[in-house]
Amino acid sequence: MLVSVLEQTLLFFPLALGLFISYTVLKVPDLTTDGSFVLGAALLGISVQSGLSPAIGMFLAILGGGISGITISVLQTRFHMQPLIAGILLVFVLHTLTFTDRKS
């Protein structure tokens, strides 16, 4: 049971850290962390299921999170969107991309 608790702690620590930094340190209601966490998990799962190495899957997950962060910063700076609205929009798009039913 202790191993399971430690595994879940290490799994959700980046999510909690990202939320802490955006809400308390930056004082911006940014929801990008929620969407990029799900996107990274989906990219890792799809890459491992398709036969790629878990290291490559982790790289793709980090790359996907970085791209979502760049996207949210462009929405906020170039298009002058409010951070909360831009975060809601990006989370909606990322959840739609990651939870589509893949029938093939």
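As the structure is a prediction and not an experimental result, all values here were calculated from the model.

Considerations on the packing of helix α2 (residues 32–49) against helix α4 (residues 83–98)
Packing of α2 against α4 leaves a shortest axis separation of 8 Å and a crossing angle of 15 degrees. Judged on the interaxial angle alone, α4 and α2 are roughly parallel. Between α2 and α4 lies a crossing whose hand is left-handed. Contacts between α2 and α4 involve Thr32, Asp34, Gly35, Ser36, Val38, Leu39 and Ala42 on the former and, on the latter, Leu90, Val91, Leu94, His95 and Thr98. The residue makeup of the contact of α2 with α4, split by class, is 6 nonpolar, 5 polar and 1 charged.

Description of helix α3 (residues 54–77)
For an α-helix, 3.6 residues make a turn, and residues three or four places apart therefore share a direction. With 24 residues, α3 extends 34 Å from end C-alpha to end C-alpha; this agrees with the ideal 34 Å at 1.5 Å per step. Measuring from the side-chain oxygen of the N-cap residue of α3 to the backbone nitrogen of Ala55 gives 3.1 Å; that N-cap residue is Ser53.

Here we look at the nonpolar core
Ranked by size, the top nonpolar core spans 6 residues in total: Leu39, Ile72, Leu75, Ala86, Leu90 and Leu94. When contributions to this core are tallied by element, the ones reaching two or more residues are α3 and α4. If you tally residues by element for this core, the top one is α4, at 3 residues. Not counting residues up to four positions away in its chain, the partners in contact with Ile72 are Asp30, Thr32, Ala86, Gly87 and Leu90.

Remarks on the layout of surface pockets
The computed volume of the largest pocket comes to approximately 510 Å³. Taken together, 19 residues form the lining of the largest pocket, with Pro14, Leu15, Ser36, Phe37 and Gly40 sitting closest to its centre. Those elements that provide at least two residues to the lining of the largest pocket are α1 (2–25), α2 and α3. Grouping the amino acids of the lining of the largest pocket by side-chain chemistry returns 12 nonpolar, 6 polar and 1 charged.

Overview of the confidence of the model for the protein
When pLDDT is averaged along the protein, the result is 86; 95% of the residues meet or exceed 70. Looking at the elements of the protein, mean pLDDT is at its lowest for α1, recorded as 84, and at its highest for α3, recorded as 92.

What about the packing of α2 against α3?
If you want to describe how two helices pack, look at the angle between their axes and the distance between the axes. Running from amino to carboxyl end, α2 crosses α3 at an angle of 150 degrees, the nearest separation of the two axes being 8 Å. It follows from the interaxial angle that α2 and α3 lie roughly antiparallel. For the crossing formed where α2 meets α3, the hand is right-handed. Across the interface between the two elements, Thr32, Ser36, Leu39, Gly40, Leu43, Leu44, Ser47 and Val48 of α2 pack against Pro54, Gly57, Met58, Leu60, Ala61, Gly64, Gly65, Ser68, Gly69 and Ile72 of α3. Across the contact of α2 with α3, the residue classes tally to 9 nonpolar, 9 polar and no charged.

Quick notes on the rules
Residues numbered from 1 in each chain as written. Predicted model: local features only at pLDDT ≥ 70, side-chain atom pairs only at ≥ 80, totals over all residues. Heavy atoms only, no water. Axes fitted to C-alpha atoms, helices over the stretch in contact; angles between N-to-C directions. Helix = DSSP H or I, 4+ residues; strand = E, 2+ residues; numbered from the N terminus. Parallel < 35°, antiparallel > 145°, perpendicular 65-115°, else oblique. Left-handed = near helix turned anticlockwise from the far one by under 90°. Contact = heavy atoms within 4.5 Å. Nonpolar A, V, L, I, M, F, W, Y, C, P; charged D, E, K, R; others polar. Expected span 1.5 Å × (residues − 1). Polar contact = N/O pair within 3.5 Å; in protein donor to acceptor, adjacent residues only side chain to side chain. Core = buried A, V, L, I, M, F, W, Y, C linked by side-chain atoms within 4.5 Å. Buried < 20%, exposed > 50% of the residue type's maximum accessible area, 1.4 Å probe, protein only. 1 Å grid on protein atoms, 1.4 Å probe; cavity = no way out; pocket = protein on both sides within 12 Å on 5 of 7 lines; lining within 4 Å. Points joined across faces, edges and corners; volume = space filled by probe spheres on them. pLDDT = per-residue confidence, 0-100.

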